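Residues per chain are reported as follows:
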Amino acid sequence: MVQAVSVDDWKQRVTFKVGLLGLGTVGTGTAQILLDPADRQPLLQELELYRVGVRSLDKPRSVDISRDRLTTDLESIVRDPAVDIVVELLGGLEPSRSLILTAIAHGKHVVTANKAVIARYGEEIFAAAADAGVYVLLEAAVGGGIPVIEPLKQSLCANRIQGILGIINGTTNYILTRMQREGGDFGPILADAQRLGYAEADPTADVDGWDAADKIAILASLAFGGRVERSQITCEGIRAITASDIAYAEGLGFTIKLLAKAKRQHQGDTWRLEASVYPTLVPLSHPLASVNDVYNAILVEGDPVGQVMFFGPGAGAGPTASAVVADILNIAAVLSAGSDRDHLDPLLACRYLQTVELAPAAETAARFYLRIVVQDSPGVIGKVGTIFGEQGISLESIVQTDVSGETAELVVITHEVQEGIMRQAITQLEALPLVQAIANLLHVL
Ligand SMILES: NC(=O)C1=CN([C@@H]2O[C@H](COP(=O)(O)OP(=O)(O)OC[C@H]3O[C@@H](n4cnc5c(N)ncnc54)[C@H](OP(=O)(O)O)[C@@H]3O)[C@@H](O)[C@H]2O)C=CC1
Ligand SMILES: N[C@@H](CC=O)C(=O)O
Ligand code: NA
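Report follows, based on the coordinates. The model shown is predicted, which means the values in this text are computed figures rather than measured ones.

### A look at the nonpolar core
Core analysis: the biggest nonpolar cluster contains 79 residues, and Ile125, Ile164, Ile216, Leu219, Phe224, Leu281 and Ile298 have the highest contact counts within it. For this core, the element with the highest residue contribution is helix α10 (residues 210-223), accounting for 8 residues. In this structure, Leu219 is in contact with Val142, Val148, Ile149, Leu152, Ile164 and Ile298, ignoring residues within four places of it in sequence. By size, the runner-up hydrophobic cluster in this structure holds 36 residues, among which are Ala31, Leu49, Leu137 and Val324.

Written out as structure tokens, the structure reads:
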């Protein structure tokens, strides 16, 4: 039944004014939802897309926004007394960080999708927000449209989180999936990911694993209750993955995925955190093996809940805007209920109360895949095997393949070993005259 609302009632309704910074892939998706509220959450009708900040006023836009709402003066938006909620969708570190801080200082609530800024300056931003009595929400910053930040903060908050493991970069998952399916080349597939709006303006952050490292830093900070120093997260991207690695992995029953991990490493009564991003061989039977294309998935293990898996589209205009607008609505809902700036909802607000200690990469254990180019001479497997034996590294399998002329490739899968010991073994292998090259070293789940 449609309820009639009197003009007086309607006038008394509060409208929340949104100042949007950025009208690119995600900004456009966000504006489209804000301008088309029918059949969505009714609170959307109480949001006004009040001003929009861009770099170029003359660029053609695929969303219908009157010219007088657009400005290149972003400072004027974050200082505008009429704006209630600033939505930062610019990307990059500056001017995003400064604009967010200025917005907070002017009493605005903030929604951002900017994982690069939050991973580096989250502590400063959340502290400023707590002092100003405003919320900073960031659901779109990790996993695009997948609800994972708010579930970690709210629905899973009773748990002691033990670990997080996930595919949290859509661009690299799209590239690896297509390389696996088509045996295609990296360059044109990356260009497709850019065209589809998945990749960052500079795709280096995606391809070299930095974007996934930003995201795991954010998830780990929320899950483990403190600042996780982004620069201490070991991070390796997908540039070195070749069609040969993909084919060998498949033959051995694995697929290759860029996995981000944050896991408690218990040490007696205390613990520290293992946090990393590595291209990893994932057994085909594992739930993350079938997460393909731009999809992301995040496995959270908590005590007592056990394993929970979040799955969905990890990038792109619509999915990411879905998360941005949900954050805007969360803030509007709090404001509608009559917010009290002295008492923020502790489950909706973020605050880091400590710094989480990270384990050095050399002191973390993993299984490894190693591809070694060797001279095809008698006894080569024995000599390589001896080096592993001397380091106490036990091997799960060693296969000699691709014999061409005088050269062969050895593909080795180890049992679990400390990364530091594995690196020592590699140094010794490189010194063997019959070893021509260590073609690749990858983690195995
Ligand atoms: N794309 C995706 O799938 C996802 C993106 N994100 C994050 O969302 C944010 C936005 O990404 P995306 O929409 O892809 O980025 P785009 O590059 O598509 O859009 C950026 C927008 O910001 C504007 N802009 C950038 N710098 C300035 C500046 N200095 N002054 C004024 N305007 C500026 C641009 O203006 P103009 O249009 O005039 O050039 C453009 O409208 C980033 O933080 C990104 O990491 C998060 C999840 C998924
Ligand atoms: N470039 C990012 C966009 C979403 O965060 C990705 O590919 O995942
Ligand atoms: Na999300």
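Structure shown, so let's carry the discussion forward.
### Some points on unusual backbone geometry
With an omega of 10°, the peptide bond running from Glu94 to Pro95 counts as cis. Position of Pro95 relative to the elements: it lies in the loop between β4 (85-88) and α4 (96-105). Its identity is not glycine, yet Asp39 carries a phi of approximately 60°, on the positive side. Within the element layout of this structure, Asp39 appears in the loop between α2 (25-34) and β2 (47-53). You will see that Asp293, though not glycine, has its phi angle at about 55°, which is positive. Locating Asp293 in the fold gives a position in the loop between β10 (270-283) and β11 (295-303).

### Points about the site of ligand 1
Around ligand 1 sit 24 residues in total, of which Leu23, Lys59, Arg61, Glu200 and Gly316 are the nearest. Ser56 has a polar backbone atom sitting 2.8 Å from an oxygen atom of ligand 1. Note that an oxygen atom of ligand 1 is positioned 2.7 Å from one of the side-chain N or O atoms of Lys59. Protein chains shield 86% of the accessible area of ligand 1, which is 900 Å² for the free molecule. Taken together, the residues of the shell around ligand 1 break down into 10 nonpolar, 9 polar and 5 charged.

### Section: empty space enclosed by the protein
Across all of its chains, the model carries 2 cavities of 30 Å³ or more by this definition. Reported here for the largest cavity is a volume of approximately 100 Å³. Here the lining of the largest cavity gets 4 residues from one element, more than from any other, and that element is β10. Its residues placed into classes, the lining of the largest cavity shows 6 nonpolar, 4 polar and 3 charged. Residue contributions to the lining of the largest cavity reach at least three from each of two domains, namely domain 2 (149-313) and domain 3 (363-444). The volume enclosed by the second largest cavity comes to roughly 40 Å³. Looking at the second largest cavity, the residues that line it are Phe126, Ala129, Ala130, Val134, Tyr135, Val136, Leu344, Ala349 and Cys350. For the lining of the second largest cavity, the class distribution of residues is 9 nonpolar, no polar and no charged.

### Notes on the site of ligand 2
Close to ligand 2 lie Lys115, Asn169, Gly170, Thr171, Tyr198, Ala199, Glu200, Asp206, Asp211, Lys215, Gly314 and Ala315. Asn169 places a polar side-chain atom, nitrogen or oxygen, 3.4 Å from an oxygen atom of ligand 2. Residue assignment for the shell around ligand 2 shows that the elements contributing at least two residues are α7 (170-182) and α10. When grouped by side-chain class, the residues that make up the shell around ligand 2 number 3 nonpolar, 4 polar and 5 charged.

### Thoughts on the pairing of strand β14 (residues 395-404)
Two faces belong to every sheet, and in a regular strand the side chains alternate between them. Across 7 bridges, β14 lies against strand β15 (residues 407-414) in antiparallel orientation. By the bridge assignment for β15, Val399 is matched with Val411. In textbook terms, the turn of a hairpin is the stretch between consecutive antiparallel strands, and for β14 and β15 this stretch comprises 2 residues, one of which, Gly405, has a positive phi near 65°.

Thresholds applied
- Residues numbered from 1 in each chain as written.
- Chains lettered and ligands numbered in written order.
- Predicted model: local features only at pLDDT ≥ 70, side-chain atom pairs only at ≥ 80, totals over all residues.
- Heavy atoms only, no water.
- Core = buried A, V, L, I, M, F, W, Y, C linked by side-chain atoms within 4.5 Å.
- Buried < 20%, exposed > 50% of the residue type's maximum accessible area, 1.4 Å probe, protein only.
- Helix = DSSP H or I, 4+ residues; strand = E, 2+ residues; numbered from the N terminus.
- Contact = heavy atoms within 4.5 Å.
- Near = heavy atom within 4 Å.
- Polar contact = N/O pair within 3.5 Å; in protein donor to acceptor, adjacent residues only side chain to side chain.
- Areas by Shrake-Rupley, 256 points an atom, 1.4 Å probe, with all protein chains shown as cover.
- Nonpolar A, V, L, I, M, F, W, Y, C, P; charged D, E, K, R; others polar.
- 1 Å grid on protein atoms, 1.4 Å probe; cavity = no way out; pocket = protein on both sides within 12 Å on 5 of 7 lines; lining within 4 Å.
- Points joined across faces, edges and corners; volume = space filled by probe spheres on them.
- Domains from an automatic or database assignment.
- Pairing = 2+ DSSP bridges.

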